[in-house]
Amino acid sequence: MESNERYYRRRAIEERMAAQRAVTEAARTWHAKLAEDFAARASIVTAVSA
């Protein structure tokens, strides 16, 4: 089973790649925001577990 931290980090990477592939500016912005949110969640999980 995948840990929360690993999941959030993986999703952040996936969303960054989706932002790069996005055709419209709105899609780029949305995927970039999701990437930031997942990266923040990964940082929180890391800080709490440390």
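The structure presented is a predicted model; accordingly, all values stated were derived computationally and were not measured. (Residues numbered from 1 in each chain as written. Predicted model: local features only at pLDDT ≥ 70, side-chain atom pairs only at ≥ 80, totals over all residues. Heavy atoms only, no water.)

A rise of 1.5 Å per residue sets the reference length of helix 1 (residues 4-21), with its 18 residues, at 26 Å; its end C-alpha atoms lie 26 Å apart and thus fit the reference within 8%. When we look at burial in helix 1, the residues that qualify are Y8, A12, E15, A18 and A19. Each buried residue of helix 1 sits inside an arc of 125° when the element is viewed along its axis, so together they form one side. Of the exposed residues in helix 1, the ones pointing more than 90 degrees away from its buried face are R6, Q20 and R21. Where helix 1 is buried, its residues touch helix 2 (25-49). (Helix = DSSP H or I, 4+ residues; strand = E, 2+ residues; numbered from the N terminus. Expected span 1.5 Å × (residues − 1). Buried < 20%, exposed > 50% of the residue type's maximum accessible area, 1.4 Å probe, protein only. Arc of directions from axis to C-beta. Contact = heavy atoms within 4.5 Å.)

Applying the stated criterion across every chain, the model contains three aromatic pairs. Among the aromatic side chains, those forming a connected cluster through ring pairs are Y7, Y8 and F38. (Phe/Tyr/Trp six-rings, centres within 6.5 Å; stacked < 30°, edge-to-face > 60°.)

Here we come to the packing of helix 1 against helix 2. In the contact formed by helix 1 and helix 2, the axes pass within 8 Å of each other and the chain directions differ by 160°. By the angle class used here, helix 1 and helix 2 are roughly antiparallel. As helix 1 runs across helix 2, the sense of the crossing is left-handed. Across the interface between the two elements, N4, E5, Y7, Y8, R9, R11, A12, E15, R16, A18 and A19 from helix 1 touch R28, H31, A32, L34, A35, F38, A39, R41, A42, V45 and T46 from helix 2. Of the residues contributing to the contact of helix 1 with helix 2, the split by class is 12 nonpolar, three polar and seven charged. (Axes fitted to C-alpha atoms, helices over the stretch in contact; angles between N-to-C directions. Parallel < 35°, antiparallel > 145°, perpendicular 65-115°, else oblique. Left-handed = near helix turned anticlockwise from the far one by under 90°. Nonpolar A, V, L, I, M, F, W, Y, C, P; charged D, E, K, R; others polar.)

Mapped onto the fold, E15 is located in helix 1. What makes E15 buried here is its relative accessible area of 7%. Separated by 11 residues in sequence, E15 and N4 have C-alpha atoms that sit 16 Å apart. Aside from chain neighbours lying at most four places away, what touches E15 is H31, L34, A35 and F38.

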